[in-house]
Amino acid sequence: MRDGEGVPRLCQVVLDCTDTRALAEFYRSLLGLVYRPGDEPPEAGDADGRGPDWLVLRTPQGAPQLAFQRVDRLPAATWPAGEVPQQLHLDLTVSSVEELTAQHERVLRLGGRLLRDLIDDPDEPLRVYADPAGHPFCVFVG
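Cut-offs used in this document
Residues numbered from 1 in each chain as written. Predicted model: local features only at pLDDT ≥ 70, side-chain atom pairs only at ≥ 80, totals over all residues. Heavy atoms only, no water. Pairing = 2+ DSSP bridges. Helix = DSSP H or I, 4+ residues; strand = E, 2+ residues; numbered from the N terminus. Axes fitted to C-alpha atoms, helices over the stretch in contact; angles between N-to-C directions. Contact = heavy atoms within 4.5 Å. Phe/Tyr/Trp six-rings, centres within 6.5 Å; stacked < 30°, edge-to-face > 60°. Buried < 20%, exposed > 50% of the residue type's maximum accessible area, 1.4 Å probe, protein only. Lys NZ or Arg CZ within 6 Å of the ring centre and 35° of its normal. Disulfide = S-S within 2.5 Å. Core = buried A, V, L, I, M, F, W, Y, C linked by side-chain atoms within 4.5 Å.

**Q** Is there a simple way to explain the sheet that holds strand 6 (residues 113-118) in this structure?
**A** The pairing of strands in a sheet happens through backbone hydrogen bonds and is either parallel or antiparallel. Spatial ordering of the open sheet is given by 5-8-7-6, a layout of four strands whose pairing is mixed. With partners counted over all chains shown, the strands left at the sheet margins are strand 5 (90-94) and strand 6, one partner each. On average, each strand axis in the sheet is inclined to that of its neighbour by 20°, with strand direction left out of account. In the sheet, strand 7 (residues 126-130) pairs with strand 8 (residues 136-141) via five bridges, with the strands oriented antiparallel. For Arg127, the partnering residue across the bridge sits in strand 8 and is Val139. Against the sheet, helix 2 (residues 97-110) touches strand 5, strand 6, strand 7 and strand 8, its axis set at about 10° to strand 7.

**Q** Looking at this model, I keep getting lost on the packing of aromatic side chains. Mind explaining?
**A** Think of a pair of aromatic rings as described by two things: how far the centres are apart, and how the planes are tilted against each other in angle. In this structure the tally under the stated criterion is five aromatic pairs. A centroid spacing of 5.0 Å and a plane angle of 85° characterise the contact between Phe26 and Tyr27, whose relative ring orientation is edge-to-face. Tyr27 shares its class with Phe26; the two are buried. Between Tyr129 and Phe137, the ring centres sit 5.5 Å apart and the planes meet at 25°, which makes this aromatic pair stacked. A relative accessible area of 0% places Tyr129 in the buried class. One residue, Arg21, lies across the ring of Tyr35, its end atom 5.0 Å from the ring centre.

**Q** I'm lost on the state of the cysteines in this one. Help?
**A** Disulfides are covalent bonds that link the sulfur atoms of two cysteine residues. Counted by the stated rule, this structure contains zero disulfides. Its sulfur unpaired, Cys138 is 20 Å from the next cysteine sulfur, which belongs to Cys17. The class of Cys138 is buried, set by a relative accessible area of 9%.

**Q** Whenever I open this one, the nonpolar core confuses me. Can you help?
**A** For soluble globular proteins, the rule of thumb is that nonpolar side chains tend to be buried together. The biggest cluster of nonpolar side chains holds 23 residues, and the ones touching the most others in it are Tyr27, Leu30, Phe68, Phe137 and Val139. Listing elements by their share of this core, those giving two or more residues are strand 1 (13-17), helix 1 (20-31), strand 3 (54-58), strand 4 (64-70), strand 5, helix 2 and strand 8. The leading source of residues in this core is helix 1, at five residues.

Okay, structure coming up:
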C-alpha cells in the first residue's frame, strides 16, 4: 500500500452535546471557524432549522473541523479527578506563555471553565478547560 492509498482520512471530530448551537458558537468564536453553508444561525425570530440536531464548522478555507450532534443527556466529564473519563479532548496550541494568558481570558469570556492550571510547568505550560458542554480541552505552548 502506498502512502495515502487505501486508508480513510479524518474528516472532522464530532462532539455530542445537548445544545448544538451553543457549543458550535463557543468553538466558532474560540477557533475562528465558520459554519458549513446552510448551518449558519437563523435571523432573529426565525426557527433554527438545522441547529437543534447537527452542525458543522469549517476553516475559513472550507476544510471540515468540528461537528456537533445533539443528544438528550450528556454526563459531564469529571476528569482529571472523578469517575467520568474525558473520553476525548482537543489539544490547542499557542506560541508563548503570554499568548496562553491572553487565550485564558478569551476561553473564560466565551463560557469555558478552567479545570487545571499548569502554566508554570517549565517543559510544557498548559491549561486544561471544559467547554460549555463539559468536554475537556487543553491549550498549551507548543
